[in-house]
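Structural description and commentary
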Amino acid sequence: MRLGSPELALIVLALPFASFLALGLIRPLRRSGRPAAAISIVAMAGALVAAALMAWESIAASRGLNPSVVWAWLPGDGGPMASVGVWVDGMAMQMCVLVTLISLLVQIYSWSYLADEPSPSLGRYYAYQSLFAFSMLGLVLSPGFLQMFVFWELVGLCSYLLIGYWYHRPSAARAAVKAFWITKLGDLGFVAGIVMLWAATGTFDFFPLFSAAESGALHVDRLATIMFLIYLGAVGKSAQFPLHVWLPDAMEGPTPVSALIHAATMVTAGVYMIARAYPLFALVPPVLTLIAWVGAFTALLAATMACVERDIKRVLAYSTVSQLGYMMAANGAGEPEAAFQHLLTHGVFKALLFLGAGIVIHHFHTNDVFRMGGLFLLRPWVGGAFLVGTLALAGIWPLPGFFSKEAVLAAVLNARFTVPFLMLIATSFLTAFYMFRVVFLAFFGHAHGHHQHPRPPLPMDAVCRGLAVLTVALGVRALLTTHHGDAPVWLPWISLTWAAAGIALAWAAYQAGIIDPARLSAALAPIDFLARRRYFLDGLFGAMYRIALLGLSRVVGWVDRYVVDGVLNALSALTLRAGDAARRLQTGQPQDYVYGVALGVLLLLVWAQLR
Amino acid sequence: MPLSAYLVLAALVFAIGLFGVLTRRNAVGILLGIELMLNAVNINLVAFSRFRADLAGLIFTLFTIAITVAEVAVGLAIVIVIFRVRRTIEADHLDLLRG
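Residues numbered from 1 in each chain as written. Chains lettered and ligands numbered in written order. Predicted model: local features only at pLDDT ≥ 70, side-chain atom pairs only at ≥ 80, totals over all residues.

1. Quick look at the overall build of chain A
For clarity, the cut-off: A helix here means a DSSP run of H or I that spans at least four residues, while a strand means a run of E at least two residues long, and both kinds are numbered starting from the N terminus. A pair of residues counts as a contact when their C-beta atoms, built from backbone coordinates, are within 7 Å of each other.
The helix and strand tally for chain A stands at 26 helices and two strands. Put simply, 81% of the contacts in chain A that link residues at least 6 apart link residues at least 24 apart.

Below, the structure written as structure tokens:
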């Protein structure tokens, strides 16, 4: 019997969840470490096979065809309010393959990368990894906003758990909490948006919403507000300005976790959600314009910060923020396909870059690029793989980043967003510059220190090479299948020229020594000053926290201390006083009691007479 | 003599007894006052019995006298015990129940 796509999708979903349940519930298994990791990896491999089968089987199925398995969750009049299940279209299938592939590779890589961890925490790590993959797959396959929101929050929880994996380090714990809270800030908008959408339409499900939207039958008051609120969720998750501040701090997690968060899960969720809900966003052009502008601005801002960063992982983190800006700009320009293609290719080469950076960090025992150097000659394979990823990120022909970035730029240009387009072109120059800055500093340049370094373990090496090969293969496939549509002929040349200029500048400044980097930063002093301080955004958030939240807390504390407690204290003091006064009636003298009795009898007599 | 004369006598005796209970400081004096009040009741009972030709009043009176004797016995015993413990039977000093 051949399984249809939705059933395969359920298997894809079930395998990581089963692995998580096994690791989470069976304590001895979790604390055993390596066996737990093996179970998780095998389950993930199974999920990858199922996802690949699913994609292979229905590779021809386009967006129009929507095979799905759904169960009514909240029944309502005229169709369910919310369904659970899987909704498998072309986008969801490709995303499933990406998520399972990256998760599998990251888990294999972690096998070696975290080899020194004690067994119980390794088991914990793999339990989180399985849950993370399950959550992201559930999000991807959601047939409605409500299920998407549930998995959306699960993804946030998992990233919190994994960023804070080394929770005994205060900085990691703080980064985890920061990531959680900042994304929650956006999620507030998301949940408000979907509830308002439900209140207006009576359903959370994509299918009725999209068919109504596409046929023009969707009449909702204040749709722009609703879609803006939903977009806020994506701002938090996909690290758009001004909520991008959590992503660089998320580097406190283990490097494979960063690769996972940046490539396949978590940050891509926002872009995916916008692309998924595009039929609704298409109805509100002002929100789309906002998305494009914010995306392009985020791309440029993050790129400038990446140029002055010394920590290799943080450079990559800013590059992710920057590339997410590209994707969002494409979404806003009305080309969710382009955004999604960039998401897929970026997922592959960003995983490659992070996992390569993990090897580099293992080699040098530091994150600081200025204390690295000369790795290319020592480890040509690692250097080569990293170089492939870098070229792909810089958008050099014929790597996949070139094609997907061209599609994004063409989309933004066709939508007549001139300023965002210029920002994105500037970003591609900066991208090439800061990535090659890292390459020249870490892989070429002078080697610092001459101690003997062990070879990277086989799994880590193999995963990197595999991803490099995959990146090249994707590029070749794009080369063979892409046909230039309505993009102007000069567009690829423009962006290639700027990328090449960026590489040349990096070479001149950090390799050949023609330009002194210090003079370069002096020439751009204001931007340099701001970028090094991250545009004071962290400080701004801190100040907002201190002024708004602490101020409010003080007021509430004062009210509690002096008003609420005051009333209670007054009541209890009054009771005490009254008791004290009443106590004095009891003299202990028998004759006083007799007086009382006699007086009482007299009063009764008088009352009886007067009545 | 009319009934009211007996009732007035009984009321007088009761009032004197009550006065004694309220004003005496000595526990024995208080007991004496209680005796007077009880006997005022007895006078009432006997008077009503006589004027209404009902023997129940006399029977009640006998019960009351018996109970009074028992009460005096118990009361005096308490007074003696109090005297042994506190070396006083002044009611002013017996205020252990003061709040």
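Picking up where we left off.
2. Brief notes about the overall build of chain B
Note the following rule: To assign burial, the other C-beta atoms lying within 10 Å of each residue's own C-beta are counted, with C-beta atoms placed from the backbone; 20 or more indicates buried, 12 or fewer indicates exposed, and intermediate counts indicate partly exposed.
Tallying secondary structure elements over chain B gives three helices and zero strands in all. Start at the N end of chain B and walk to the C end: the helices and strands fall as α-α-α. When the backbone C-alpha atoms are referred to their principal axes, chain B occupies close to 50 × 25 × 25 Å. The 99 residues of chain B split such that 9% are buried. Considering only contacts within chain B whose residues lie at least 6 apart along the sequence, 46% involve residues at least 24 apart.

3. A word on the interface of chain A and chain B
Test applied: The nonpolar class holds Ala, Val, Leu, Ile, Met, Phe, Trp, Tyr, Cys and Pro. Asp, Glu, Lys and Arg form the charged class, and all remaining residues, Gly among them, are polar.
Counting residues at the interface gives twelve residues for chain A, matched by ten residues for chain B. Top contributing element to the side of chain A that touches chain B by residue count: helix α26 (residues 590-610) of chain A, with five residues. The class makeup of the residues in the side of chain A that touches chain B is five nonpolar, five polar and two charged.

4. Some points on the nonpolar core
Residues and elements named next belong to chain A. Rules: As used here, a nonpolar core is made of buried Ala, Val, Leu, Ile, Met, Phe, Trp, Tyr and Cys residues. They are joined through C-beta atoms within 7 Å.
Judged by nonpolar contacts, the single largest core of 213 residues is most densely connected at Val12, Cys96, Ala329, Ala351 and Val412. Ranked by residues supplied to this core, first place goes to helix α20 (residues 418-443) with 17 residues. Filtering out sequence-adjacent residues up to four positions away, Ala351 remains in contact with Ile102, Leu105, Ala259, Ala263, Ala264 and Leu467.

5. Some remarks on unusual backbone geometry
Between Phe241 of chain A and the following residue, Pro242 of chain A, the backbone shows a cis peptide bond with an omega angle of 0 degrees. Within the secondary structure, Pro242 of chain A sits in the loop between α9 (223-237) and α10 (246-249). Its identity is not glycine, yet Ala239 of chain A carries a phi of approximately 55 degrees, on the positive side. Secondary-structure assignment places Ala239 of chain A in the loop between α9 and α10. Although it is not a glycine, Arg87 of chain B adopts a positive phi angle of roughly 60 degrees. Here Arg87 of chain B is to be found in the segment after α3 (56-86).

6. Considerations on the environment of Pro248 of chain A
Residue and element names in this part refer to chain A. Relative to the assigned elements, Pro248 resides in helix α10. Classification of Pro248 by C-beta neighbours within 10 Å gives buried; the count is 25. Considering only alpha carbons, one finds Pro248 and Val463, 215 residues apart in sequence, at a separation of 24 Å. Sequence-distant contacts of Pro248, that is, excluding residues within four places in its chain, are made with Arg314, Ala317 and Tyr318.

7. Brief notes about the packing of helix α4 (residues 90-113) of chain A against helix α16 (residues 336-364) of chain A
Residues and elements named next belong to chain A. Using the following cut-off: For every element, the axis is a line fit to its C-alpha atoms; helices are fit only across the contacting stretch, and the angle between N-to-C directions ranges from 0 to 180 degrees. For classification purposes, an angle smaller than 35 degrees is called roughly parallel, one larger than 145 roughly antiparallel, one from 65 to 115 roughly perpendicular, and anything else oblique.
It is at 11 Å that the axes of α4 and α16 come closest, and there the two elements cross at 5 degrees. Between α4 and α16, the crossing angle belongs to the class labelled roughly parallel. Only Phe340, Leu344, Gly347, Ala351, Leu355 and Gly358 of α16 make contact with α4, whose side of the interface consists of Met91, Gln94, Leu98, Ile102, Leu105, Tyr109 and Tyr113. Residues belonging to the contact of α4 with α16 are distributed by class as follows: ten nonpolar, three polar and no charged.

8. Observations regarding the packing of helix α7 (residues 170-201) of chain A against α9 of chain A
All names here are of chain A. Note the following rule: Two helices crossing with the near one rotated counterclockwise from the far one by less than a right angle form a left-handed crossing, whereas a clockwise rotation gives a right-handed crossing.
Axis separation between α7 and α9 bottoms out at 7 Å; the angle between their running directions is 155 degrees. As summarised for this structure, α7 and α9 are arranged roughly antiparallel, according to the angle between their axes. Where α7 crosses over α9, the handedness of that crossing is left-handed. From α7, Ile182, Thr183, Leu185, Gly186, Asp187, Gly189, Phe190, Ala192, Gly193, Ile194, Met196 and Leu197 reach across to α9, where they touch Ile226, Leu229, Ile230, Leu232, Gly233, Val235, Gly236 and Lys237. Counted by class, the contact of α7 with α9 contains twelve nonpolar, six polar and two charged residues.

9. A few points about the environment of Ala531 of chain A
Residue and element names in this part refer to chain A. Structurally, the position occupied by Ala531 is in helix α24 (residues 525-532). Note: C-alpha distance between Ala531 and Cys307 (224 residues apart in sequence) is 8.3 Å. If near-sequence neighbours (up to four positions away) are discounted, Ala531 is found in contact with Thr304, Met305, Cys307 and Val308.

10. As for the confidence of the model for chain A
Going by this rule: The predictor attaches a confidence to each residue, called pLDDT, with possible values from 0 through 100.
For chain A, the average pLDDT comes to 83, and 95% of its residues sit at 70 or higher. Confidence drops under a pLDDT of 50 for residues 60-65 of chain A, and excluding neighbours within four residues, the segment shows four contacts in the predicted structure.

11. Brief notes about the environment of Tyr272 of chain A
Residues and elements named next belong to chain A. Mapped onto the elements of the fold, Tyr272 is located in helix α12 (residues 267-276). Since 27 C-beta atoms lie within 10 Å of it, Tyr272 is described here as buried. Distance in space between the C-alpha atoms of Tyr272 and Ile163 is 22 Å, their sequence separation being 109 residues. When sequence neighbours within four positions are dropped, the list of residues in contact with Tyr272 reads Met95, Val140 and Leu343.

12. As for α4 of chain A
The condition that has to hold: What a helix should span is 1.5 Å times the count of its residues minus one.
With 24 residues, α4 of chain A extends 34 Å from end C-alpha to end C-alpha; this agrees with the ideal 34 Å at 1.5 Å per step. With respect to burial, α4 of chain A is a largely interior element, 21 of its 24 residues being buried.

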